[in-house]
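Examining the three-dimensional arrangement
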Amino acid sequence: MTAEVTAELTYEQRIEALRQTKMMQMGEKWKVVGSMNMDDHGRILPPLELREIVEYMGPSGEPVRDVKMKNFKPKSNHPSGGFFGPKACGENFRLFLEAHPVYINPMSSLAGGYMAYFMSYREPHWNPDFGFSHLQEEQVKYGVYPGIGAVQHFCQDMTLGFKLGWGGLLMEVRRYREINPQAVDFYDGLENVIIGVQNWISRHVQAAWEIADKEGDAAVRRNLEEMAEMNARLVSDPPSTFREACQWAAWYQMVARMYNGSGSMGQLDEMLRPYYERDMVKGILADEEATFHLACLLLNDTQYFQLGGPDASGKDVTSKVSFLVLEAVHRLKTPANIGVLVHDGIDPRLLRKGVEIMFKDRTGFPKFLGGKGLIEGFAKNGYPVELARQRVYSGCHWFAIPGREYCLNDCIKINFAHVFDVALREMMADPDVKPCMEELWRRFEKHLHRAVQVTAEGIDIHMMRMHEVFPELVLDLLCYGPVEKGLDASHGGVEYYNICVDGSALATVADSFAALEQRVEKEGLLTWQELLRNLDNDFKGAEDVRLMLRNIPRFGCGGTRGDGWAVRITEAFTRFVKEKPTPAGFNMIPGLFSWASMISMGLTVGATPNGRHTGAPISQGANPESSFMKGGGAPTALAVAVASVQCGYGNTAPLQLDMDPVLARGEEGVDKVEALIRGHFAMGGTMINMNVVSKQQILEAHKDPSSYPNLIVRVTGFSAYFASLSPDLRQLVVDRIIAEES
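Residues numbered from 1 in each chain as written. Predicted model: local features only at pLDDT ≥ 70, side-chain atom pairs only at ≥ 80, totals over all residues. Heavy atoms only, no water.

Re the overall build of the protein
Put simply, the rule is: Under the DSSP-based scheme used, a helix requires at least four consecutive residues in state H or I and a strand at least two consecutive residues in state E, with every element numbered from the N terminus. For the radius of gyration, the atom set is restricted to C-alpha positions; the globular benchmark scales as 2.2 Å times the number of residues to the power 0.38. Throughout this description, buried means an accessible area under 20% of the type-specific maximum (1.4 Å probe, protein chains only), exposed means over 50%, and partly exposed covers the range between. Note on contacts: a residue pair qualifies if any of its non-hydrogen atoms lie within 4.5 Å across the two residues. Accessibility throughout is a Shrake-Rupley quantity obtained with a 1.4 Å probe, and a residue counts as covered only by protein chains that appear here. Here the positive residues are Lys and Arg and the negative ones are Asp and Glu; neither His nor the chain ends is included. The location of each charge is read from NZ of Lys, CZ of Arg, CG of Asp or CD of Glu.
Scanning the protein from terminus to terminus reveals 26 helices and 17 strands. Computed over C-alpha atoms, the radius of gyration of the protein comes to 26 Å, within 12% of the 27 Å expected from 2.2 N^0.38 for 742 residues, which places it in the range of a compact globule. Viewed in the frame of its principal axes, the protein has a C-alpha envelope of about 85 × 65 × 55 Å. Relative to its 742 residues, the protein shows a buried fraction of 65%. A separation threshold of at least 6 residues defines the contact pool for the protein, and within that pool the share at least 24 residues apart is 75%. For the protein, the exposed area adds up to about 26,100 Å²; of that, 52% sits on carbon and sulfur atoms. Put simply, the protein has 76 plus and 93 minus side-chain charges, and the middle of one group is 1 Å from the middle of the other.

Quick notes on empty space enclosed by the protein
Test applied: Put plainly, a pocket is an open set of points on a 1 Å grid over the protein atoms alone with protein on both sides within 12 Å along at least five of seven lines, a cavity is a set where a 1.4 Å probe fits but cannot get out, and a lining residue has an atom within 4 Å of a point. Grid points are joined across faces, edges and corners, and a volume is the space filled by probe spheres set on the points. Each residue receives one of three labels: charged for Asp, Glu, Lys and Arg, nonpolar for Ala, Val, Leu, Ile, Met, Phe, Trp, Tyr, Cys and Pro, and polar for the others, Gly being one of them.
Taken as a whole and judged by the stated rule, the model has four cavities of 30 Å³ or more. Taken as a whole, the largest cavity holds about 280 Å³ of empty space. Contributing to the lining of the largest cavity are 23 residues, with Gln25, Tyr103, Gly112, Leu299 and Asn300 lying nearest its centre. Elements that contribute at least two residues to the lining of the largest cavity include exactly α1 (11-33) and α9 (287-300). Broken down by element, the residue count for the lining of the largest cavity peaks at six residues, all from α1. Taken together, the residues of the lining of the largest cavity sort by class into eleven nonpolar, nine polar and three charged. Considered as a void within the structure, the second largest cavity measures approximately 100 Å³ in volume. Around the second largest cavity sit Gln267, Gln306, Pro310, Leu341, Leu374, Ile375, Phe378, Ala388, Arg389, Arg391, Phe399 and Gly650, which together line it. Residue composition of the lining of the second largest cavity, by class: seven nonpolar, three polar and two charged.

Topic: the pairing of strand β5 (residues 304-307)
Looking along a regular strand, one sees side chains alternate from face to face of the sheet. The test is simple: In short, DSSP must find at least two bridges between two strands for them to pair. Crossovers are marked right-handed if the path from the first strand over the helix to the second runs clockwise, as seen with the strands pointing away from the viewer.
By the alternation rule, side chains of β5 split into Tyr304 and Gln306 and Phe305 and Leu307, which are all buried. Direction of pairing for β5 relative to strand β6 (residues 337-342): parallel, over a ladder of four bridges. For glutamine 306, the partnering residue across the bridge sits in β6 and is glycine 339. Where the polypeptide runs from β5 across helix α10 (residues 320-332) and back to β6, its parallel neighbour, the crossover connection is right-handed.

A few points about the packing of aromatic side chains
Applicable threshold: Aromatic pairing here means that ring centres of Phe, Tyr or Trp (its six-membered ring) are within 6.5 Å. Orientation follows from the plane angle: under 30 degrees is stacked, over 60 is edge-to-face, and everything else is tilted.
The final tally for this structure, using the stated rule, is 40 aromatic pairs. Seen in terms of ring centroids, phenylalanine 118 and tyrosine 259 are 5.7 Å apart; in terms of plane orientation they differ by 20°. Their pairing is stacked. Of the two residues, phenylalanine 118 is situated in the loop between α2 (86-99) and α3 (133-141) and tyrosine 259 in helix α7 (residues 242-260); the sequence distance between them amounts to 141 residues. With relative accessibility at 0%, the residue phenylalanine 118 sits in the buried group. Note on tyrosine 259: relative accessible area 0%, which makes it buried. Taken together, a centroid distance of 5.0 Å and an interplanar angle of 85° make the contact between phenylalanine 420 and phenylalanine 513 edge-to-face.

Quick notes on the packing of helix α8 (residues 268-282) against α9
Think of two packed helices as two axes; the pair is described by the angle between the axes and how far apart they sit. Just so we agree on the cut-off: Under this scheme, a helix contributes an axis fitted over its contacting stretch, all axes are lines through C-alpha atoms, and angles between N-to-C directions fall in the 0 to 180 degree range. With the far helix as reference, a near helix turned anticlockwise by less than a right angle produces a left-handed crossing, and one turned clockwise produces a right-handed crossing.
Here α8 crosses α9 at 145°, and the two axes come no closer than 12 Å. Where α8 crosses over α9, the two elements pack in a sense that is right-handed. Counting all contacts with α8, which are made through Leu268, Leu272, Tyr276 and Met280, the residues of α9 involved are Asp287, Ala290, Leu294, Leu297 and Leu298. For the contact of α8 with α9, the per-class residue count stands at eight nonpolar, no polar and one charged.

Considerations on the sheet that holds strand β14 (residues 655-659)
Within the open sheet, the six strands sit side by side as β4-β5-β6-β7-β15-β14. Their pairing is mixed. Two strands lie at the open edges of the sheet, namely β4 (264-267) and β14, each paired on one side alone. Averaged over all pairs of adjacent strands, the angle between strand axes in this sheet comes to 25°, irrespective of strand direction. In this sheet, strand β7 (residues 367-370) lies alongside β6 in parallel orientation, the contact comprising four bridges. Bridge pairing in β7 places leucine 341 opposite leucine 369.

Details of the pattern of salt bridges
Opposite charge on two side chains makes pairing possible when the charged atoms of those side chains draw close. Condition: Between Lys or Arg on one side and Asp or Glu on the other, a salt bridge is scored when a side-chain nitrogen of the former is within 4 Å of a carboxyl oxygen of the latter.
All chains considered together, the criterion is met by 50 salt bridges. One salt bridge in this structure joins arginine 425 and aspartate 421, with 3.0 Å as the shortest N-O distance. With arginine 425 and aspartate 421 both in helix α14 (residues 416-429) and four residues apart, this pair spans about one turn of that helix.

So, the environment of lysine 578
Inspection of the secondary structure puts lysine 578 in helix α21 (residues 561-578). By relative accessible area, which is 22% here, lysine 578 ends up partly exposed. Separated by 52 residues in sequence, lysine 578 and leucine 526 have C-alpha atoms that sit 37 Å apart.

Overview of the state of the cysteines
Put plainly, a disulfide is one covalent bond tying together the sulfur atoms of two cysteines. In plain terms, the rule: For the purposes of this analysis, a disulfide is any pair of cysteine sulfur atoms at a distance within 2.5 Å.
The final tally for this structure, using the stated rule, is zero disulfides. For cysteine 89, which is in no disulfide, the shortest distance to another cysteine sulfur is to cysteine 479 and amounts to 17 Å. According to the relative accessible area criterion, cysteine 89 is buried, its value standing at 0%. Residue cysteine 407 stays outside any disulfide, its sulfur separated by 7.9 Å from that of cysteine 500, the closest cysteine.

Some details on α14
We count it as follows: Under the convention used throughout, the expected extent of a helix is 1.5 Å for every residue step, that is, one less than its residue count. Two N or O atoms form a polar contact when they lie within 3.5 Å of each other; inside protein one atom must be a possible hydrogen donor and the other a possible acceptor, and for residues adjacent in sequence the pair counts only when both atoms belong to side chains.
Taking 1.5 Å per residue, 14 residues should reach 20 Å; α14 reaches 20 Å between its end C-alpha atoms and fits that length. Burial of α14 is extensive: eleven of the 14 residues sit out of reach of the surface. Buried residues of α14: Phe416, Ala417, His418, Val419, Phe420, Asp421, Val422, Ala423, Leu424, Met427 and Met428, and no others. Its side-chain oxygen 3.0 Å from the backbone nitrogen of alanine 417, asparagine 415 forms the N-cap of α14.

Brief notes about the side chain of serine 264
Inspection of the secondary structure puts serine 264 in strand β4. You can call serine 264 buried: its relative accessible area is 1%. Engagement of the side chain of serine 264 in a polar contact is seen with the backbone oxygen of phenylalanine 154, the distance being 2.8 Å. Setting aside its immediate chain neighbours within four residues, serine 264 contacts Phe154, Cys155, Gln156, Gln303, Tyr304, Ser394, Trp398 and Leu475.

Written as structure tokens, this is what we have:
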């Protein structure tokens with residue numbers, strides 16, 4: 001269903017019609033699927049006659065409700081009922097695309113819309129022949145999300161697709177199949193993906209012509225005809241105009257999202273700039289039209305893009321396209337995941353425009369990226385700074401070198417709260433040891449070290465087997481090496497391997513150490529045995545004890561023992577991750593991030609000495625706990641605190657910042673926020689995820705989400721409609737915003 005078509009609409013009116021259609025589609029998704037604690041994908045639901053409702057457990061152990069297409073059933077090649085390996089994955093994805101319906105919105109300049117996820121048909125996700133049971137006990141013990149079987153989370157190079165088109169990619173696959181006959185299954189998988197995509201595009205061409213033939217409005221009919229003609233060329237040819245480049249990008253992002261959830265796209269302004277400049281010289285494109293095509297692309301899905309930043313030599317690449325992208329999302333006012341990279345040479349107008357839009361629209365857009373910490377940090381891994389500058393923002397909290405680096409960002413996490421609990425209980429159970437802070441820290445370090453080792457061993461299992469389980473066929477096509485070598489990106493196909501390992505629950509553990517140090521060791525208000533009994537009982541009948549532990553100077557307040565413990569934990573974690581590569585030789589890079597898993601990570605942890613209840617959420621990423629500071633100064637204190645716990649090797653420890661709209665009133669207010677952003681990055685900060693929303697509005701929306709269907713929040717690295725989140729995740733966002741405004 002689409003919004004009613006009206007003749008001779010302006011671009012602005014067409015954008016509004018597209019936005020209204022999206023809201024209708026979102027309402028339908030909320031009704032059918034329910035809560036969606038993730039990016040607001042551009043997915044629309046299949047037609048009623050093709051819908052199949054399914055329920056399964058998500059990657060973090062949470063129940064997920066989904067809609068599948070009834071007309072597609074994958075073919076198994078394994079006794080488990082699953083399908084594994086490049087040939088089976090490629091053949092099944094081709095069948096999936098052939099079963100996938102077409103979608104044409106006459107208001108859009110771009111064809112296509114996706115309706116299902118290929119990943120939801122994978123059962124089991126991991127080949128049971130490749131067991132890793134010897135690691136699972138310790139993975140559970142330390143709350144490790146091992147990343148074994150994780151997909152995508154690196155970045156292809158879109159310019160390869162722009163250069164070759166689907167036809168050129170197919171020719172390359174067939175040419176290298178002859179050169180590497182040992183990899184015939186891999187090439188068969190790639191070929192099936194491409195042919196499936198070409199078939200899907202061709203069916204959209206036919207549908208556009210059929211709709212155009214029945215369309216009575218001349219302007220709408222002309223748009224549909226142009227859409228059909230353009231996509232008929234794009235079945236095989238590379239894009240040659242700005243509109244065609246946007247359409248090619250839309251096809252790729254839909255295919256990548258459907259295949260394995262990939263949302264990485266890279267530096268949008270730079271990849272589209274040559275098409276914009278050529279079309280402007282030819283006089284076939286105006287800024288209003290370019291903005292509209294960008295809006296259609298960005299509405300298609302919430303992929304991750306970067307704006308601005310330096311080239312390999314350090315020169316800023318901000319262009320007119322950078323500002324057109326900002327304008328497109330400003331007009332859309334829908335969720336978007338686009339970051340502005342702030343570095344010494346940034347065009348100051350780009351940062352200024354980003355801050356102004358952030359406070360004017362209040363949609364959590366854009367986010368801000370710290371070039372200094374990211375580039376200098378990545379170079380510390382032994383890479384030249386010129387290469388470090390090529391890394392681009394591509395996901396929730398992460399960067400990658402387009403087409404050249406495999407990194408599994410945001411897939412592998414160690415729960416510091418689990419590690420702390422193991423250390424505390426081991427110390428308390430040892431009859432030969434007198435409990436003390438020094439001993440607790442020694443054991444925490446020992447178990448954190450082992451948690452990193454277990455994680456490294458799991459990484460090697462993934463790297464050894466993933467190409468045989470579920471290869472990166474869609475991303476392989478736009479990387480340098482996989483097609484030429486006949487090797488999946490996860491198995492030697494690309495040049496660089498830097499595996500991201502994130503730590504989580506930093507503030508939970510830092511404040512726990514600080515509370516024990518003050519209340520037990522220094523003040524003697526509680527014995528170690530009394531502490532353990534209260535933790536085991538979840539503070540039942542001892543609320544005074546819980547509040548006593550909680551009400552200490554915490555991480556984030558500045559100069560406190562909580563701040564000291566947070567830095568100490570970060571330094572130990574960083575040291576253990578960087579002391580050596582995995583046993584198979586893969587470089588690991590530390591970061592601090594929990595994604596939206598604060599709830600699921602907390603469910604498996606008992607009460608902690610910072611006053612947190614059993615099963616309650618852990619702290620978010622690198623941020624101090626909510627309510628860490630009463631009164632004014634919280635934004636600045638947060639910025640300083642998070643800057644102090646950067647791991648320093650090119651992966652991020654994002655600052656989550658929730659601000660009241662009144663803080664940026666007028667030019668002076670914008671100046672202050674801009675200064676805060678620059679100040680955080682000057683201190684080594686790597687990313688800022690920001691919300692602008694008032695306490696009253698968020699409370700009203702939480703009470704009745706349906707009354708605020710358009711309210712968008714940046715939950716963590718991603719943005720989503722507040723009403724689409726589960727009540728538990730909404731509560732976390734509410735608590736965070738209320739605390740930071742208190």
